[in-house]
Amino acid sequence: MVQALGEAHAQEFEVACEVPKFGVRTLGRGPSRRVAEQQSAELALAALRNK
């Protein structure tokens, strides 16, 4: 997790997914840590498929 933004009742989370071997680093954001993690992982998969 990179950071949590906003008030406790309305937070937004930012999570990074890194694959150093392939030089991939993505950021996902969402209303929960789980959503942010899933978004970041999906972006990383897409980036790896394009390599």
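One can find the structure itself at the top, above this paragraph.
Just so we're clear, the structure is a prediction, and the values are computed from it rather than from any experiment.

How each quantity is defined
- Residues numbered from 1 in each chain as written.
- Predicted model: local features only at pLDDT ≥ 70, side-chain atom pairs only at ≥ 80, totals over all residues.
- Heavy atoms only, no water.
- Helix = DSSP H or I, 4+ residues; strand = E, 2+ residues; numbered from the N terminus.
- Buried < 20%, exposed > 50% of the residue type's maximum accessible area, 1.4 Å probe, protein only.
- Salt bridge = Lys/Arg side-chain N within 4 Å of Asp/Glu carboxyl O.
- Pairing = 2+ DSSP bridges.
- Axes fitted to C-alpha atoms, helices over the stretch in contact; angles between N-to-C directions.
- Contact = heavy atoms within 4.5 Å.

**Some details on the overall build of the chain**
Helix and strand counts for the chain stand at one helix and three strands. The order of helices and strands in the chain, counted from the N terminus, is β-β-β-α. Viewed in the frame of its principal axes, the chain has a C-alpha envelope of about 40 × 15 × 10 Å. Burial statistics for the chain: of 51 residues in total, 20% are counted as buried.

**Describing the environment of Leu45**
You can see Leu45 is positioned in helix 1 (residues 33-49). Sequence separation of Leu45 and Val15 is 30 residues, and the distance between their C-alpha atoms is 15 Å.

**Some words on the pattern of salt bridges**
As enumerated under the stated definition, the model contains four salt bridges in all. Across the pair Glu37 and Arg33 runs a salt bridge, and its minimum N-O distance is 3.3 Å. Separated by four residues within a single helix, Glu37 and Arg33 lie in helix 1, roughly one turn from each other. Overall, the relative accessible area of 36% leaves Glu37 in the partly exposed class. Of the residues examined, Arg33 reaches a relative accessible area of 47% and is grouped as partly exposed. Each of Glu12, Glu14 and Arg29 takes part in a single network of salt bridges with overlapping partners.

**Digging into the sheet that holds strand 3 (residues 24-30)**
Read across the open sheet, the three strands follow the order 1-2-3; overall the sheet is antiparallel. On the outer flanks of this sheet lie strand 1 (3-5) and strand 3, each paired with one strand and no other. The mean angle between the axes of side-by-side strands here comes to 20°, regardless of whether they run parallel or antiparallel. Where strand 1 and strand 2 (residues 12-19) come together, three bridges link them in antiparallel fashion. Along strand 2, the bridge assignment pairs Gln3 with Glu14. Packed onto the sheet, helix 1 meets strand 2 and strand 3 and runs at close to 145° relative to strand 3.

Honestly, it's all geometry; don't read function into it.
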